[in-house]
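Below are the chains, spelled out letter by letter.
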Amino acid sequence: VLDRWGNLVPKLVHVSLQTSSYLGTLAGGTTGEILHGATVFSNLTLDKAGFAVLRLRTQTAANVAAYVKVLAGQPAALLIASSVASVTSTIPFTVVTQVSDSQGNPVEEGAVVNVSAVGSGTLSGNTSALSNSSGLATFHLSIDRAGPKHLTFVAATLSNVTMSLTVLVGLPNRLGFVTLPSPSP
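Residues numbered from 1 in each chain as written. Predicted model: local features only at pLDDT ≥ 70, side-chain atom pairs only at ≥ 80, totals over all residues. Heavy atoms only, no water.

Here we have five strands laid out as an open sheet, ordered β8-β15-β14-β10-β12, and mixed in their pairing. The open sheet is flanked by β8 (86–88) and β12 (128–130), the only strands paired with a single partner. Sheet twist, expressed as the mean angle between neighbouring strand axes with direction ignored, is 30°. Sheet analysis places strand β10 (residues 112–118) next to β12, joined by three bridges and oriented antiparallel. Looking at β12, one finds that Val-112 is bridged to Leu-130. (Pairing = 2+ DSSP bridges. Helix = DSSP H or I, 4+ residues; strand = E, 2+ residues; numbered from the N terminus. Axes fitted to C-alpha atoms, helices over the stretch in contact; angles between N-to-C directions.)

Turning to the environment of Ala-72, a few remarks are in order. Assignment of secondary structure puts Ala-72 in the loop between β6 (64–70) and β7 (77–82). Separated by 24 residues in sequence, Ala-72 and Lys-48 have C-alpha atoms that sit 7.4 Å apart. Those residues in contact with Ala-72 that lie beyond four places of it in its chain are Ala-49, Asp-101, Asn-105, Pro-106 and Val-107. (Contact = heavy atoms within 4.5 Å.)

It is worth spelling out the sheet that holds β7 at this point. Read from one edge to the other, the open sheet built from four strands follows the order β7-β9-β13-β11, with strand pairing classed as antiparallel. Only two strands of the sheet have a single partner each, and these edge strands are β7 and β11 (123–125). Within the sheet, the average angular offset between the axes of one strand and its neighbour, ignoring direction, is 40°. Summarising the sheet, β7 and strand β9 (residues 93–100) pair through five bridges and their orientation is antiparallel. Residue Leu-79 lies in a different strand from β9, and its bridge partner there is Gln-98.

This brings us to the pairing of strand β15 (residues 161–168). In β15, alternate side chains face the same way, and those of Val-161, Met-163, Leu-165 and Val-167 are buried while those of Thr-162, Ser-164, Thr-166 and Leu-168 on the opposite face are not. Pairing between β8 and β15: three bridges, direction parallel. Considered in β15, the bridge of Val-87 is made with Val-167. Sheet topology note: the strand β14 (residues 147–154)/β15 ladder contains seven bridges and is antiparallel. By the bridge assignment for β15, Leu-151 is matched with Met-163. Connecting β14 to the antiparallel partner β15 that follows it, the hairpin turn spans six residues, and Ala-156 within it adopts a positive phi of roughly 40°. (Buried < 20%, exposed > 50% of the residue type's maximum accessible area, 1.4 Å probe, protein only.)

As for its placement among the helices and strands, Lys-149 is situated in strand β14. No salt bridge is formed by the buried Lys-149; its nearest oppositely charged neighbour, Asp-144, is found at 7.0 Å. Looking at Lys-149, its side chain comes within polar contact range of the main-chain oxygen of Arg-145, at 3.3 Å. If sequence neighbours within four positions are ignored, Lys-149 has contacts with Val-118, Gly-119, Ser-120, Ile-143, Met-163, Ser-164, Leu-165 and Val-167. (Lys, Arg positive; Asp, Glu negative; His and termini not counted. Salt bridge = Lys/Arg side-chain N within 4 Å of Asp/Glu carboxyl O. Polar contact = N/O pair within 3.5 Å; in protein donor to acceptor, adjacent residues only side chain to side chain.)

Laid out in structure tokens, this is it:
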């Protein structure tokens, strides 16, 4: 901290650090004392990804602002963001998963998510997807046999997540005549 002539402030001055335009929480050592022109703020955390304005305030000097971008942490959880309870066989449906950090922030791009099915029938569509800038991986799938199914989604070192759904019988695609056996005399 400098005085108006550019000299280091040698005495103790109380300072505080605050945020504005930020939806998360600033925690840690947000107050300190200036000694020989410097203050150390230790153990600061910002818990939500996004942009924050940090404001340094003192009683005697003009406020100073710094703009920071808070990035999501390492992938910590795989969640199903949207799913379906039942589908019709061979009709495409969509499931969306989300990769997030330990604070629930979406992890931007790069996580590969794979899906597999348990139950009779064939799972078709994109069974592997890359998460986008919102941490979302979108699957466009279909299953060709009716009955209960379980889809398991897997992403690297994260815990698997499973969803259950029922595949309903599809619409008829053939119509024909069947001759009944003649009655016995």
